[in-house]
Amino acid sequence: MQNQSEQGRGNDPELMALVKRKASLSRFLTLVMFVTYFGYVCLLAFKPEALSGRVGAATVGIPIGIGLILLAWVLTGIYVRWANGAYDAVVARLKSK
Amino acid sequence: MPATQLGQLSPVAIAFFFVFIGVTLGITYWAARKTKTTSEFYAAGGGISGFQNGLALAGDYMSAASFLGIAGLVATGGYDGLIYSVGYLVGWPIVMFLIAEPLRNLGKYTFADVVAYRLQQKPVKTMAAVGSVTTVIIYLIAQMVGAGSLIKLMFGLKYEYALIAVGILMIAYVLFGGMLATTWVQIIKAVLLIGGATVLALLVLNRFGWSYGNLFSAVAKLPNGDALLTPGHYKVATSPFDLVSLALGLMFGTAGLPHILMRFYTVPDAREARKSVFVATGFIGYFYILTFTIGYGAAALVAAKFLAKPAPGTPGMGNNVAAPLLAEILGGGPFLGFLCAVAFATILAVVAGLTLAGASAISHDLYAGVMKGGVTDEKTEVGVAKIATVALGVIAILLGLLFKEVNVAFMVGLAFAVAASANFPALLMSVFWKKFTTQAAVASMAVGLASAVILIVLSPTVWTDVFHFASAPPVPLKNPALISMTLAFLTGFIVSLVTRDQNAEDGFEEQQMRATFGL
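Note that the coordinates shown come from a computational prediction; the quantities given were computed from them, not determined experimentally.

A. Representation of the overall build of chain A in the model. Each helix and strand in chain A was counted, giving three helices and two strands. Traced from its N-terminal end to its C-terminal end, chain A shows the element sequence α-α-β-β-α.

As structure tokens, then:
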């Protein structure tokens, strides 16, 4: 019986759609982090003068570095907000069905 | 050289030091009564909240190297040192999006559980345990040698005594208090470190009239001011590709560190696991943003006096002293004492987490998983874990003595490179790729581990700086991750294509459902 209900869950179209949305959100956010970070790293490595422009006495590399740290935190925030909110609510509803 | 209390036994430092030891041993005594079963020893019974685990993750992760090392690196080398501040943080979103939930839902106590979930248990767990223990031991050597020289520098205590004190305390926390005591040591340390760094950054800003303009103007006026502020001087890497390799290792190493991954089993479910990554990323990110201010504050205020021309006969007065000297100039002797105690707490929290992760790999993966085929009684397995804890503690002390004269600064980088090459690729492919096979997992982990270690031995960091060979190092990269991580992924991919693992393929659907939804 346990097996059957597992099977049932596996075929539920609403659930499958949800799994897909979760996977694509994870992939999208990973890509954003990857591209921005390695964009920054490649500039630093191959074209450092692009980060050397001045903001007052400091270089633009400083706010950009801080910006990346903030971006990383915001991205995890977006994910946790969706997953612990809308996503968990649907999963709980489907599980109780 | 201006007078400094650094290296003398300051009463404030000793007072803070004993309060910290007293409180943490008290917690260990309390935790010991709640640490009987395997679940309690490895995972604090799964009873840690998301917020608590977030703080503990921060305490587990932020090492003295990142606090003292980055400040010194920026003070002397300028902007490029900040690649560590950014790189140490950007792995956390990766942990969140790809690793945390499958890890929590598929495993019991270690990441080897997850890699082996639908593969053959014995070969995969053996190799994963080898990867874990290697990462842990390399990281432990870096921390122990750092601890010995740091405590000697700060308190004037002999290197050997410092090492033995750290070793005994870390064994005591883990042996008696298991994950529960380790968690609270890490939480206390995270609060102390973040508080101490906040005060230090505020003192820097106060000195410059609460204006970043004034701070950076002061840095710009230094003789080497332009070089300090301008990115791209490669103080941290030998070439542009080496810098990319370093950045890669920092990002993906985080997602393969066994002592970090293990913490996801201390929370009750995936929901709390997600929350804990968000909390950890917030605290760690905040801390690394502070390192920008502290690093440039040290550049402006103490670097010229202490770091550019080290007084003769003061070996070790290198990068690590920038932050403590800054603390003394801005906050006086008491604040220096407090910060020295914080550095000590920082090291202890990290080595306790490492020891617990290493002991779990030995008792849960090797003893229970491989030798006993997954069937053990609680008491024996906890007993084996405790023996492994003591053994690892003693090994850490002995290796600390052995490596006393060696510059081990590269070892944290090596630990990250091994984690990114041996542990992370196999973990990722096992969770997400249906065709991944047992042989591919073993081969990927073996190639990742071997190539990271061999490449670093042949690199300037070991070939020239440790062995002092006159010939040019065979590998020009200081950071192996670009090559070793690629090799690990390629090996896993190719071996999967040429082998078949029907059981693994059949189990993929079930694994995916469980990874996404838990039980």
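B. Broad picture of helix H19 (residues 481–498) of chain B. Residues and elements named next belong to chain B. Between its terminal C-alpha atoms H19 stretches 25 Å, which fits the 26 Å expected from 18 residues at 1.5 Å a residue. Those residues of H19 not exposed but buried are Ala481, Leu482, Ser484, Met485, Leu487, Ala488, Thr491, Gly492 and Ser496. On its buried face, H19 sits against helix H11 (240–254), helix H16 (410–432) and helix H17 (438–457).

C. Molecular detail of the interface of chain B and chain A. Every contact between the two is made by 41 residues of chain B and, on the other side, 37 residues of chain A. The set of elements that each furnish at least two residues to the side of chain B that touches chain A consists of helix H5 (82–106), helix H9 (212–220), H11, helix H13 (270–307) and helix H21 (508–517) of chain B. It is H5(B) that contributes the most residues to the side of chain B that touches chain A, 12 residues altogether.

D. Spotlight on the nonpolar core. Residue and element names in this part refer to chain B. Core analysis: the largest hydrophobic core is formed by 234 residues, its most contacted members being Ala298, Leu326, Ala343 and Leu348. At 31 residues, the largest contribution of residues to this core is made by helix H14 (residues 322–371). In this structure alanine 298 touches Ala71, Ala75, Ala303, Ala322, Ala323 and Leu326, once residues within four positions along its chain are discounted.

E. Region of the structure containing the environment of B:Met445. All names here are of chain B. Positionally, methionine 445 belongs in helix H17. Given 29 C-beta atoms within a 10 Å radius, methionine 445 is considered buried. As for methionine 445 and tyrosine 88, which are separated by 357 residues in sequence, their C-alpha atoms are 23 Å apart. If sequence neighbours within four positions are ignored, methionine 445 has contacts with Met127, Ala128, Gly131, Ala422 and Ala426.

What counts and what doesn't
Residues numbered from 1 in each chain as written. Chains lettered and ligands numbered in written order. Predicted model: local features only at pLDDT ≥ 70, side-chain atom pairs only at ≥ 80, totals over all residues. Helix = DSSP H or I, 4+ residues; strand = E, 2+ residues; numbered from the N terminus. Expected span 1.5 Å × (residues − 1). Buried ≥ 20, exposed ≤ 12 C-beta atoms within 10 Å, placed from the backbone. Contact = placed C-beta atoms within 7 Å. Core = buried A, V, L, I, M, F, W, Y, C linked by C-beta atoms within 7 Å.

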